[in-house]
Amino acid sequence: MHRTRLRILLVEDAEFEAEITKRALASCDFENAMTRVASGEEALSYLRREPGFEDAEMPHLVLLDLNLPMMGGREVLSEIRRDPSLAHLFVIICSASDEPSEVTKAYQATANAYITKPLGLGPLREMMNKVGDFLLNVIKIP
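These numbers were taken from a predicted model, which means no experiment stands behind them.

A.B. asks: Can you break down the pairing of strand β4 (residues 90–95) residue by residue, with the values?
C.D. replies: By the criterion of burial, β4 is predominantly enclosed, with 6 of the 6 residues buried. Residue alternation in β4 divides its side chains into two sets, Phe90, Ile92 and Cys94 and Val91, Ile93 and Ser95, and both sets are buried. Direction of pairing for strand β3 (residues 61–65) relative to β4: parallel, over a ladder of 5 bridges. Residue pairing across strands places Leu64 opposite Ile93, the latter belonging to β4. Since β3 and β4 lie parallel, the crossover through helix α3 (residues 73–82) that links them has a hand, and here it is right-handed. Of the pairings in the sheet, the one linking β4 to strand β5 (residues 113–116) comprises 4 bridges and is parallel in character. Paired with Ile92 across the bridge in β5 is Ala113. Traced from β4 through helix α4 (residues 100–108) to β5, the parallel crossover comes out right-handed.

A.B. asks: Summarise the sheet that holds β4; cite the residues concerned and give the values.
C.D. replies: Taken together, 5 strands build an open sheet; the order of strands is β2-β1-β3-β4-β5 and the sheet is parallel. Edge positions in the open sheet fall to β2 (32–37) and β5, since each of these has one partner strand only. Averaged over all pairs of adjacent strands, the angle between strand axes in this sheet comes to 25°, irrespective of strand direction. Packed onto the sheet, helix α2 (residues 40–47) meets β1 (6–11) and β2 and runs at close to 150° relative to β1.

A.B. asks: Which residues make up the packing of aromatic side chains, and what values go with them?
C.D. replies: The relation between two aromatic rings is expressed through the spacing of the ring centres and the mutual angle of the planes. Throughout the structure, instances matching the rule amount to 2 aromatic pairs. With a centroid separation of 5.6 Å and an interplanar angle of 65°, the aromatic rings of Tyr46 and Phe53 are classed as edge-to-face.

A.B. asks: Account for helix α5 (residues 121–138), with residues named and values stated.
C.D. replies: Taking 1.5 Å of rise per residue, 18 residues should cover 26 Å, and α5 covers 24 Å from first to last C-alpha, within 8% of that figure. Buried within α5 we find Leu124, Met127, Met128, Asn129, Val131, Gly132, Leu135 and Leu136. At its buried positions, α5 is contacted by β1, α1 (15–26), β3, β4 and β5.

A.B. asks: Describe the layout of surface pockets, naming the residues involved and giving the relevant values.
C.D. replies: Here the largest pocket defines a volume of roughly 250 Å³. Lining the largest pocket are 19 residues; nearest its centre among them are Glu17, Ile20, Lys117, Pro118 and Leu124. At the level of secondary structure, the elements contributing two or more residues to the lining of the largest pocket comprise α1, β3, β5 and α5. Here the lining of the largest pocket gets 4 residues from one element, more than from any other, and that element is α1. Residues that form the lining of the largest pocket fall into these classes: 12 nonpolar, 3 polar and 4 charged.

A.B. asks: Give me the lowdown on the side chain of Ser45, citing residues and values where you can.
C.D. replies: Relative to the helices and strands, Ser45 resides in helix α2. Separated by 2.9 Å, the side chains of Ser45 and Glu50 make a polar contact.

Rules and cut-offs
Residues numbered from 1 in each chain as written. Predicted model: local features only at pLDDT ≥ 70, side-chain atom pairs only at ≥ 80, totals over all residues. Heavy atoms only, no water. Buried < 20%, exposed > 50% of the residue type's maximum accessible area, 1.4 Å probe, protein only. Helix = DSSP H or I, 4+ residues; strand = E, 2+ residues; numbered from the N terminus. Pairing = 2+ DSSP bridges. Right-handed = clockwise from strand over helix to strand, strands pointing away. Axes fitted to C-alpha atoms, helices over the stretch in contact; angles between N-to-C directions. Contact = heavy atoms within 4.5 Å. Phe/Tyr/Trp six-rings, centres within 6.5 Å; stacked < 30°, edge-to-face > 60°. Expected span 1.5 Å × (residues − 1). 1 Å grid on protein atoms, 1.4 Å probe; cavity = no way out; pocket = protein on both sides within 12 Å on 5 of 7 lines; lining within 4 Å. Points joined across faces, edges and corners; volume = space filled by probe spheres on them. Nonpolar A, V, L, I, M, F, W, Y, C, P; charged D, E, K, R; others polar. Polar contact = N/O pair within 3.5 Å; in protein donor to acceptor, adjacent residues only side chain to side chain.

Distances and angles like these do not, on their own, reveal function.
Structure below.
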């Protein structure tokens, strides 16, 4: 069954990267609602609906950057997987690196997927359309 709107939590500290992702998602072929947080700590607060995020909607997808200040992406993923109320979340690591060891480490940390951020709005939009199609029309997510 096709969900009407995919809720996405973008965990990205770089303003430029966040803005490009926002624009790409806004022009995608599926409805979505993106919320952005700029740090790993903020992501966990959002997901746990801690003060300041009490009304946060649980996302269907977490797009998680690896290189975050203080708490890195793998640490955030580890915390998500340790928390029974969050462990079900579909988490995609989004990184500029396509280094095989980074990809392996992400999957060892139980990422659902790893994507290398493409350069430019058009290629990013195309990738996000594929991700949206996969999540909305191919697999079942909670």
